[in-house]
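# Remarks on the overall topology
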Amino acid sequence: MKKPVIAFILALFSISLCYGQIDKPVLKRFGMFIGSNNGGTERVTLRYAVTDAQSLADVMTEMGGISIENSLLITDPSPAELDNQFKRITAMIGQASPNVKRTELILYYSGHSDEGGLL
């Protein structure tokens, strides 16, 4: 190739770097992993709910596309603590949303529940 052609291609490349639109990342994943061994005084204490939540959180941060800073592990939370953690993850997703095309939340709960809800 002649030098003027190479110079022209390099110039176009430089202009595209300076003025070209850089797309947003396509996807950012968040994870909220809740484990609660304690189901209250009327229920037997579970043995593996917390470790199950921890194990899934580990897998999702190692190979499931969730960065550690976007992963929340919540163990044996009170209702108020769980509400605060939902507000926290909502804020995290809200901050990321303008910077990516799509956000996903993976929610995992391991623990007691009944017909009225989670315990």
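Provided above is the structure to which this section pertains.
This report concerns the structure included in the present document. All values derive from a computational prediction rather than experimental measurement.

How each quantity is defined
Residues numbered from 1 in each chain as written. Predicted model: local features only at pLDDT ≥ 70, side-chain atom pairs only at ≥ 80, totals over all residues. Heavy atoms only, no water. Core = buried A, V, L, I, M, F, W, Y, C linked by side-chain atoms within 4.5 Å. Buried < 20%, exposed > 50% of the residue type's maximum accessible area, 1.4 Å probe, protein only. Helix = DSSP H or I, 4+ residues; strand = E, 2+ residues; numbered from the N terminus. Salt bridge = Lys/Arg side-chain N within 4 Å of Asp/Glu carboxyl O. Contact = heavy atoms within 4.5 Å.

Another point: the nonpolar core. In globular proteins that are soluble, nonpolar side chains generally tend to be buried together. If you look at the biggest cluster of nonpolar residues, it comprises 10 residues: Phe30, Met32, Ile34, Leu72, Ile74, Leu82, Ile89, Met92, Ile93 and Ala96. Mapped by element, the contributors of at least two residues to this core are strand S1 (27-36), strand S2 (66-75) and helix H3 (79-96). The leading source of residues in this core is H3, at 5 residues. One finds Phe33, Ala57, Met60 and Ile66 within the second-largest nonpolar core, a separate group that totals 5 residues.

Turning our attention to the pattern of salt bridges. Summed over the entire model, instances satisfying the criterion amount to 3 salt bridges. The partner of Arg29 in a salt bridge is Glu104, with the nearest N and O atoms 2.7 Å apart. Linking Arg29 in strand S1 with Glu104 in strand S3 (residues 102-111), this pair joins segments that are 75 residues apart in sequence. Residue classification places Arg29 among the partly exposed residues on the basis of a relative accessible area of 26%. Of the charged contacts, one joins Arg102 and Glu104 as a salt bridge, the two residues approaching to 2.8 Å between their closest N and O atoms. Taken together, the shared-partner salt bridges connect Arg29, Arg102 and Glu104 into one network.

All right, on to the side chain of Asn70 then. Mapped onto the elements, Asn70 comes out in strand S2. Relative accessible area serves as the criterion here: at 10%, Asn70 is assigned to the buried category. Excluding anything up to four places from it in sequence, Asn70 contacts Lys28, Arg29, Phe30, Gly31, Ile89 and Met92.

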